[in-house]
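Chain by chain, the residues:
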Amino acid sequence: MSSGKLSDRFDYAGLLLAVTMFTASNFHAIAADTSSATADRAPRILIVYPYDERLVATTIAGEALRNRLIQATDSKIDVFSEFLDLSRFPEADHVTRMGPFLAEKYATRRPDVVVALGEESASFITKYRATIAPGATIVTAGFGNPTAQSNDLPDDVISAFSAYDILKTAEMARNLQPKARHLYIIGGSSDFDRGWLAAARFTLGDFSRSYETTYLEDLTIEEFVDRAAHIPSDSIILALTVFKDRAGRNFIPREAIRQIAATASAPIYGPYQTYIGYGVVGGNTVPFDTLGRTVGNLVIDVIAGKQVADVDAPQTYIVDARQLRRWGLSDRDLPTGTLQVNREKGFWEEHWLVAMGALAVLLIQAGVISILLFERRRRQRAESRSLLHLLEAVHLNQSATAGALSSSIAHELNQPLSAIRSNAEAASELLRSENPDLQLIQQILQDIQEDDQRASDIIGRMRGLLKKRSEIEWQEFDLNEVMSSAIRIIKGEAERRGITLNTTEPTIELPVRADKVHVQQVVLNLATNAMDAILDAGSSKRTLTFATGLTNQKAALCVADTGNGIPEERLSRVFDPFYTTKQAGTGLGLSIARAIIETYGGTIAAYNRPEGGAIFRVVLPLAGQKGEGS
Ligand code: ADP
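This is a predicted model, so every value here is computed, not measured.

### Brief notes about the overall build of the chain
Turning to step 1, where the next piece is worked out: From N to C terminus, the chain includes 18 helices and 22 strands.
Turning to step 2, where the next piece is worked out: Taken over C-alpha atoms, the radius of gyration comes to 55 Å for the chain, far larger than the 25 Å a tight globule of 630 residues would show.
Turning to step 3, where the next piece is worked out: Counting the 630 residues in the chain, one finds 48% classified as buried.
Turning to step 4, where the next piece is worked out: Long-range contacts, defined as pairs at least 24 residues apart, comprise 75% of the intrachain contacts of the chain with a sequence gap of at least 6.
Turning to step 5, where the next piece is worked out: Of the roughly 31200 Å² of accessible surface on the chain, a fraction of 52% belongs to carbon and sulfur atoms.
Turning to step 6, where the next piece is worked out: One finds the centroid of the 66 positive side-chain charges in the chain at a distance of 2 Å from the centroid of its 76 negative side-chain charges.

Laid out in structure tokens, this is it:
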């Protein structure tokens, strides 16, 4: 016999008239000696299974019972199992041998509680209780109260009843198919099947009045299949059991139901958990594990010496989600708490861990991005603040340079102005003569114009030097040009100080991108420092040399002097702010020069020349290149 068949046998046991449910209220006082006997040792529980270990129904119930006991007693419990194997050994002799055998086996370990799963186990243990487990409490499970009564179980036997309520299954179907007009009830031809049909007729009496009701009975399996396939689609089909068909063929009920359901033209419902997966939508049932836990709770109370009474194991609605989908039924119409089997999880249910992970990563990423953005904004603000400070400093530096050069500039201006005055006087003199030489006067006026232009160039250069900038004026220009304009500015001062200016003729254009006035200021700073150094040295050789050229694909400008140079140990410090060796120095010129050059992605460095004197070298990226600092 297959395990499926065994499962059904357990499941269907005691089903007749189970529909008329009531709960026994006969309480059983458990002998006080049961608890006292277990005071100094772990309680002993014997679970008696009717068949063998392959019977899914009893195995699930038994395992749930064992787990419940172990959990409740913290493993301080001895659980024994006996499989009566009555399906394979149904002979009376076998039972007669098993009784004394178990009585002897448990002679030294008498159980305190015996749990009999299924009707056959219950009959067996009530027969042999005096020898196997004298004084033990008997708990039975896996059948309905009517079965208990028909088997005449002793009053002190406690039961966890499984009641299969076909009316509840029918009502569930009505909720799912409110538009159904027909009701079909399927039952087989065995005594059990017929009993079930009779019980259903009784229980569904009122319910079936709302439908055109047909009992499909006394049919062969082929007829069942054929009839079910031609049933109107607005029908509810209730499948009871088909242990046998009209032709006398035996079936495991769920196998028969599966054949019928395969081509049925309306949904089929049934009151057994074992029908799930066999083409049945579902129904109201007592799941095996729930039954096991219910028995477990009874046993725990028994061990604790509490008063216990018969209980009904909780019923559950169970449905196959695939069948709901097959028939277009909505799970919203199911009773609350219905257990859905084969339910495809929604995206969120299925992938919640991954989704949460992804969400967390996104949040972290978003957090990091905001921090970086915030940091960037902060940096940008800091950068623009420091640029403003630099522009301020450069302007002050320019003003200081202009101040330092003012006497030579005044001197420089003096030349064109004096020339203009002398030329103007000469022209008036000529005009006063009788025959003024107009050509000469013309020449004088032209000289005056040129001198005026010179004066205005000098003033223009000063203006450019003093112009205050609120932001960098980016432009592309030739570094040679800046060198020339710087030389023009300091030329007068150099002359005044008796310094010869040397420049190399530019051989190549050096296009750079920066603010021209800023770079010019750097050259002026280097030049004025060089002139200071030359004067300081007091040597007769007073030469200030400017040179430009290409170095490593970059534009370079050098300013060299014939001063005393920079002591080696101070070479690295000359660019530090406020580093000065001069009495009236500020120590800011070189630090500003470095800040300017670095702003445009360049470098500035100081060296000593082997022949004496210092040399400062500025390197800027050629326009179109990326600077070191950028
Ligand atoms: P300041 O000119 O106000 O002292 P700078 O920052 O321009 O400030 O220069 C810092 C110091 O670097 C100078 O005081 C001087 O000691 C040194 N220095 C700068 N240029 C030269 C040079 N060409 N030769 C020798 N020393 C120099």
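### Concerning the site of the ligand
Turning to step 1, where the next piece is worked out: Around the ligand sit 19 residues in total, of which Asn529, Asp561, Thr580, Thr581 and Lys582 are the nearest.
Turning to step 2, where the next piece is worked out: Contact distances for the ligand include 3.4 Å between an oxygen atom and a backbone N or O atom of Gly589.
Turning to step 3, where the next piece is worked out: For the shell around the ligand, the elements supplying multiple residues, two or more each, are helix H17 (516–537), helix H18 (589–599) and strand S22 (614–621).
Turning to step 4, where the next piece is worked out: Here the shell around the ligand takes three residues from H17, the largest share from any one element.
Turning to step 5, where the next piece is worked out: Its residues assigned to classes, the shell around the ligand shows nine nonpolar, eight polar and two charged.

### A short note on the nonpolar core
Turning to step 1, where the next piece is worked out: Residues Ile490, Val522, Leu526, Leu544, Phe546, Phe616 and Leu620 are the most contacted members of the largest nonpolar core, which totals 57 residues.
Turning to step 2, where the next piece is worked out: Ranked by the residues each element gives to this core, the list is headed by H17, at nine residues.
Turning to step 3, where the next piece is worked out: Counting 49 residues, the second largest nonpolar core, distinct from the first, contains Ala199, Leu204, Leu219 and Leu334.

### Focus: helix H5 (residues 119–132)
Since one α-helical turn is 3.6 residues long, residues separated by three or four positions face the same way.
Turning to step 1, where the next piece is worked out: The end-to-end C-alpha distance of H5 is 18 Å, a good match for the 20 Å that 14 residues give at a rise of 1.5 Å each.
Turning to step 2, where the next piece is worked out: When H5 is considered as a whole, its buried residues turn out to be Ser121, Ala122, Phe124, Ile125, Tyr128, Arg129 and Ile132.
Turning to step 3, where the next piece is worked out: In this structure, the buried side of H5 is in contact with strand S2 (44–49), helix H4 (92–105), strand S4 (113–117) and strand S5 (137–141).

### Digging into the environment of Pro50
Turning to step 1, where the next piece is worked out: Counting through the fold element by element, Pro50 comes out in the loop between S2 and helix H3 (56–73).
Turning to step 2, where the next piece is worked out: For Pro50, a relative accessible area of 1% gives the class buried.
Turning to step 3, where the next piece is worked out: Each C-alpha atom, one on Pro50 and one on Ser123, is 10.0 Å from the other, the two residues being 73 residues apart in sequence.
Turning to step 4, where the next piece is worked out: Look past the residues within four positions of Pro50 in its chain and what remains in contact with it is Thr58, Leu84, Asp85, Leu86, Leu117, Glu120 and Ser121.

### Some points on the sheet that holds strand S6 (residues 158–161)
Turning to step 1, where the next piece is worked out: If you trace the six strands from one edge of the open sheet to the other, you get S3-S2-S4-S5-S6-S13, paired in parallel fashion. Of all strands in the sheet, those bounded by a partner on one side alone are strand S3 (78–83) and strand S13 (311–312).
Turning to step 2, where the next piece is worked out: With five bridges connecting them, S4 and S5 associate as parallel partners. Across the sheet, the residue bridging to Val113 is Thr137, located in S5.
Turning to step 3, where the next piece is worked out: Packed onto the sheet, H5 meets S2, S4 and S5 and runs at close to 155° relative to S4.

### Quick look at the pattern of salt bridges
Turning to step 1, where the next piece is worked out: For the structure shown, the criterion picks out 23 salt bridges.
Turning to step 2, where the next piece is worked out: Glu223 is paired through a salt bridge with Arg246; the nearest N and O atoms lie 2.9 Å apart. Of this pair, Glu223 sits in helix H10 (residues 221–229) while Arg246 sits in the loop between strand S9 (235–239) and helix H11 (253–263), and the two are 23 residues apart along the sequence.
Turning to step 3, where the next piece is worked out: For Glu223, a relative accessible area of 30% translates into the label partly exposed.
Turning to step 4, where the next piece is worked out: Of the charged contacts in the structure, one is a salt bridge between Arg497 and Asp532, with a shortest N-O distance of 2.9 Å. Remark: Asp532 occurs in helix H17 and Arg497 occurs in the loop between helix H16 (479–496) and strand S17 (500–503); sequence separation between them is 35 residues.
Turning to step 5, where the next piece is worked out: Assessed through its relative accessible area of 16%, Arg497 is described here as buried.

### Thoughts on the sheet that holds S9
Turning to step 1, where the next piece is worked out: Read from one edge to the other, the open sheet built from four strands follows the order S8-S7-S9-S10, with strand pairing classed as parallel. Looking at which strands have only one partner, the edges of the open sheet turn out to be strand S8 (212–216) and strand S10 (268–269).
Turning to step 2, where the next piece is worked out: Here S9 pairs with S10 via two bridges, running parallel. Among the inter-strand pairings, Leu238 is bridged to a residue of S10, identified as Tyr269.

About the cut-offs
Residues numbered from 1 in each chain as written. Predicted model: local features only at pLDDT ≥ 70, side-chain atom pairs only at ≥ 80, totals over all residues. Heavy atoms only, no water. Helix = DSSP H or I, 4+ residues; strand = E, 2+ residues; numbered from the N terminus. Rg over C-alpha atoms; globule rule 2.2 N^0.38 Å. Buried < 20%, exposed > 50% of the residue type's maximum accessible area, 1.4 Å probe, protein only. Contact = heavy atoms within 4.5 Å. Areas by Shrake-Rupley, 256 points an atom, 1.4 Å probe, with all protein chains shown as cover. Lys, Arg positive; Asp, Glu negative; His and termini not counted. Charge placed at Lys NZ, Arg CZ, Asp CG, Glu CD. Near = heavy atom within 4 Å. Polar contact = N/O pair within 3.5 Å; in protein donor to acceptor, adjacent residues only side chain to side chain. Nonpolar A, V, L, I, M, F, W, Y, C, P; charged D, E, K, R; others polar. Core = buried A, V, L, I, M, F, W, Y, C linked by side-chain atoms within 4.5 Å. Expected span 1.5 Å × (residues − 1). Pairing = 2+ DSSP bridges. Axes fitted to C-alpha atoms, helices over the stretch in contact; angles between N-to-C directions. Salt bridge = Lys/Arg side-chain N within 4 Å of Asp/Glu carboxyl O.

None of the figures reported here should be taken as evidence of function without further support.
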